[in-house]
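Below are the chains, spelled out letter by letter.
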Amino acid sequence: MGRLLRIIGIICLTAALLGCVSQFAQRPGMVIEEEPITLRIAWWGGEFRNNATIEVIHQYEQLNPHVNIEYEYSSFNEYWRKMAPLAAGNSLPDIIQMDISYLAQYSSLQLLEDLAPYAQRGLLDTKDVDKQQLDSGSIDGKVYGLSLGVNALLSIYDPEVLQANGIEFPTDAWTWDDFDQMGKHIQGRGIYLGTYLTPEQFFAYYLRQHGAKLYAEDGTRLGYEDDALFVEYFGLMQRLAQDKLIFAPDIWTSDIGKPDNDPFYLGEALFSWGYSNQFISTTERYGKPLSIAPMPGPNNSDGLFLKPGMFFSIAGNSRQKEEAAKFISFFVNDLDANLLLKGERGVPVSSSVREQMRMIVEPEQAQVFDYIDWVAEHSSPMDAPDPVGSSEVTAVLRELYDLLLFGKLTADDAAQQFRERANAILARSET
């Protein structure tokens with residue numbers, strides 16, 4: 001009964017958030033009669049990811065004629081809305097793209113297969129995958145997801161836009177104070193400092209800069225004790241929104257928030273923020289070269305970390321677990337497949353693929369590879385996977401963030417509300 005209630009909880013929490021030829025190919029001359037297999041796979045993503053993934057699927061089917069792969073994709077929010085009832089009905093696709101914020105929740109409900117036995121049997125080749133990336137999908141000694149790429153937080157900018165506004169390029173040592181000064185320099189010019197800073201991602205980064213974490217190690221409470229950190233960070237965000245230097249939430253429901261009218265792509269915002277795997281699609285959409293800078297410091301080496309862009313997991317209800325493991329292995333280890341994918345889910349986790357690609361990648365990919373190399377030398381270990389209940393905590397934080405940006409709530413009041421509500425959620429999730 002408890003497990004059923006927690007599965008139902010996935011539906012509720014998801015709704016809240018909505019505000020190198022393959023080693024498995026047949027050898028020439030061999031004729032092997034194999035039973036037909038149908039695999040189902042689902043992922044979220046934009047146009048480039050969708051098209052590239054479909055090409056890789058077709059490539060796998062050509063190499064393995066007995067396998068037919070049915071697929072579906074959607075936007076991030078729509079994806080989790082679709083997965084929730086499938087999880088409740090124990091009918092998830094064989095392979096599901098998994099985000100680290102949902103990994104603990106789905107695995108705790110026994111919805112995901114442990115991948116370790118498939119690696120031990122050679123069906124899932126992980127010999128060229130760094131241990132840190134393997135561990136990123138592990139919980140309580142079991143591997144519930146294989147990382148599909150390595151990412152890191154970054155700042156993206158057009159050098160010409162900064163030059164036109166009299167702004168010096170950010171260096172590896174730039175700080176939040178530098179960022180604030182840039183805002184003061186452009187205030188009143190109708191130029192944004194940048195796009196929306198997703199609160200759970202960038203507040204977690206800010207906490208790490210100050211030696212704290214968003215969640216405690218045991219996942220039963222918040223990981224920081226000093227609410228002054230909340231007030232400092234969100235007080236800055238509130239002031240920038242009031243000065244019209246960052247986007248208020250309602251921009252996404254207006255014409256200006258539509259993809260073709262995003263101020264960054266119109267040269268009307270200095271920065272876009274996100275993870276490094278987004279750089280290639282951002283550059284392609286922007287239409288001319290862009291540059292990368294780390295997130296503001298100080299102590300960005302403490303704040304930054306190498307993150308799995310996302311995982312592939314095998315559903316516990318799958319009847320084709322072995323073939324699912326083979327497909328994931330192909331996806332991660334095949335050079336041709338990764339040339340199609342262009343590192344859009346992150347820099348490849350296979351060291352062999354990564355080194356081969358480095359010699360032939362396009363300029364924007366090379367920038368990402370170089371940035372990830374830099375972060376590897378200027379970062380700290382990633383926090384543990386988000387605990388059960390984190391999706392609901394994120395929904396609370398986004399709700400309070402919106403109220404802050406609209407000036408409906410002070411940072412002090414928001415800090416108190418967030419602590420009370422988040423701790424109650426996390427404590428309840430552990431029972």
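For clarity, every value in this text was computed on a predicted model and none was experimentally measured. (Residues numbered from 1 in each chain as written. Predicted model: local features only at pLDDT ≥ 70, side-chain atom pairs only at ≥ 80, totals over all residues. Heavy atoms only, no water.)

Chemist: I'd like to hear about the overall build of the protein chain, residue by residue, with values.
Modeler: A tally of helices and strands in the protein chain yields 18 helices and 13 strands. Relative to its 431 residues, the protein chain shows a buried fraction of 55%. By element, 50% of the accessible surface of the protein chain is carried by carbon and sulfur atoms, the whole surface being about 18600 Å². (Helix = DSSP H or I, 4+ residues; strand = E, 2+ residues; numbered from the N terminus. Buried < 20%, exposed > 50% of the residue type's maximum accessible area, 1.4 Å probe, protein only. Areas by Shrake-Rupley, 256 points an atom, 1.4 Å probe, with all protein chains shown as cover.)

Chemist: So what's going on with unusual backbone geometry? Residues and values would help.
Modeler: Here the amide bond leading from Gly-297 into Pro-298 is cis, since omega sits at 5 degrees, within 30 degrees of zero. Along the chain, Pro-298 turns up in the loop between strand 11 (291–293) and helix 12 (300–303). For Asp-140, which is not glycine, the phi torsion reads 55 degrees and is therefore positive. The topology assignment puts Asp-140 in the loop between strand 4 (138–139) and strand 5 (142–143). Look at Lys-342: it is not a glycine, yet its phi comes out positive at around 55 degrees. If you trace the backbone, Lys-342 turns up in the loop between helix 14 (335–341) and helix 15 (351–358).

Chemist: Please provide a residue-by-residue account of the sheet that holds strand 1 (residues 37–44), values included.
Modeler: In space, the five strands of this open sheet follow the order 2-1-3-13-6, with mixed pairing throughout. Each edge of the sheet is formed by a strand with only one pairing partner; in this case those strands are strand 2 (67–74) and strand 6 (146–147). Pairing between strand 1 and strand 3 (residues 95–98): two bridges, direction parallel. Its bridge partner lying in strand 3, Ala-42 is registered against Ile-96. (Pairing = 2+ DSSP bridges.)

Chemist: Now, about helix 4 (residues 100–108): what can you tell me, with residues and values included?
Modeler: Burial runs high along helix 4: eight of the nine residues are buried. Listing the buried residues of helix 4 in full gives Ile-100, Ser-101, Tyr-102, Leu-103, Ala-104, Gln-105, Tyr-106 and Ser-107. One or two residues past the end of helix 4 sits Gln-110, with phi positive at roughly 60 degrees.

Chemist: Help me get a handle on the sheet that holds strand 8 (residues 153–157), residues and values and all.
Modeler: Sheet strands pair via backbone hydrogen bonds, and the direction of the pair is either parallel or antiparallel. Reading across from one edge, 9-10-8-11 is the order of the four strands in this open sheet, with mixed pairing throughout. Looking along the sheet, the strands with just one partner apiece sit at the ends: strand 9 (192–194) and strand 11. Each strand axis lies, on average, 30 degrees off the axis of its neighbour in the sheet, ignoring direction. In the packing of helix 16 (residues 363–377) onto the sheet, the strands contacted are strand 8 and strand 11, and the crossing angle to strand 11 comes to about 10 degrees. (Axes fitted to C-alpha atoms, helices over the stretch in contact; angles between N-to-C directions. Contact = heavy atoms within 4.5 Å.)

Chemist: Residues and numbers for the nonpolar core, please.
Modeler: The biggest cluster of nonpolar side chains holds 136 residues, and the ones touching the most others in it are Tyr-106, Phe-230, Met-237, Phe-327 and Phe-418. When residues in this core are grouped by element, the largest group, eight residues, is from helix 10 (residues 228–242). Ignoring sequence-local partners within four residues, the contact set of Met-237 consists of Trp-176, Leu-197, Ile-246, Tyr-401 and Leu-405. (Core = buried A, V, L, I, M, F, W, Y, C linked by side-chain atoms within 4.5 Å.)

Chemist: Give a detailed account of the side chain of Arg-419, specifying residues and quantitative values.
Modeler: Considering the arrangement of structural elements, one finds Arg-419 in helix 18 (residues 411–429). Residues in contact with Arg-419, not counting those within four places in the same chain, are Leu-222, Tyr-224, Glu-225, Asp-226 and Asp-227.

Chemist: Explain the packing of helix 8 (residues 176–186) against helix 10 residue by residue, including any values.
Modeler: Each pair of packed helices can be summarised by the angle the axes make with each other and by the distance between the axes. In contact at an axis separation of 12 Å, helix 8 and helix 10 are set at 15 degrees when each is read in the N-to-C sense. Considering the angle they form, helix 8 stands roughly parallel to helix 10. In terms of crossing hand, the pair formed by helix 8 and helix 10 is left-handed. Contact residues: Trp-176, Phe-179, Asp-180 and Lys-184 in helix 8; Tyr-233, Leu-236, Met-237, Arg-239 and Leu-240 in helix 10. By residue class, the composition of the contact of helix 8 with helix 10 is six nonpolar, no polar and three charged. (Parallel < 35°, antiparallel > 145°, perpendicular 65-115°, else oblique. Left-handed = near helix turned anticlockwise from the far one by under 90°. Nonpolar A, V, L, I, M, F, W, Y, C, P; charged D, E, K, R; others polar.)

Chemist: Could you give an account of the packing of aromatic side chains, naming the residues involved and the relevant values?
Modeler: Enumeration according to the criterion identifies 38 aromatic pairs in this entry. Between the aromatic rings of Phe-76 and Trp-80, the centroid separation amounts to 6.1 Å while the plane-to-plane angle is 70 degrees, which identifies the pairing as edge-to-face. Taken together, the residues span about one helical turn, with Phe-76 and Trp-80 both in helix 3 (residues 76–88) at a distance of four residues. On the basis of relative accessible area, Trp-80 is assigned to the buried category, the value being 1%. Considering the side-chain rings of Phe-230 and Phe-234, the 4.4 Å spacing of their centres and the 40 degrees angle between planes classify their relative orientation as tilted. Pair noted here: Phe-230 and Phe-234 are both in helix 10, with a separation of four residues, about one helical turn. What makes Phe-230 buried here is its relative accessible area of 0%. Looking at Phe-234, the relative accessible area reads 1%, which means it is buried. Geometry around Tyr-275 places Lys-307 over its ring, the cationic atom sitting 5.0 Å from the centre. When the ring centre of Tyr-224 is taken as reference, the NZ or CZ atom of Arg-419 above it lies at 4.8 Å. (Phe/Tyr/Trp six-rings, centres within 6.5 Å; stacked < 30°, edge-to-face > 60°. Lys NZ or Arg CZ within 6 Å of the ring centre and 35° of its normal.)

Chemist: Residue-level account of helix 11 (residues 279–286), with values.
Modeler: The set of residues buried in helix 11 consists of Phe-279, Ile-280, Thr-282, Thr-283 and Tyr-286. For helix 11, the buried positions fall inside an angular range of 165 degrees around the axis, keeping them on one side. Buried residues belonging to helix 11 abut strand 8, helix 7 (159–164), strand 10 (269–275), strand 11 and helix 16. Directly after helix 11, the chain includes Gly-287, whose backbone phi takes a positive value near 95 degrees. (Arc of directions from axis to C-beta.)

Chemist: Give a description of the confidence of the model for the protein chain that names residues and reports values.
Modeler: Of all residues in the protein chain, 89% have pLDDT values of 70 or greater, and the mean over the chain is 89. Taken together, the stretch residues 1–5 has pLDDT below 50 and engages in three contacts with residues farther than four places along the chain or on a different chain. Between residues 13–31, whose pLDDT stays under 50, and residues either more than four places distant or in other chains, the model counts 38 contacts. (pLDDT = per-residue confidence, 0-100.)

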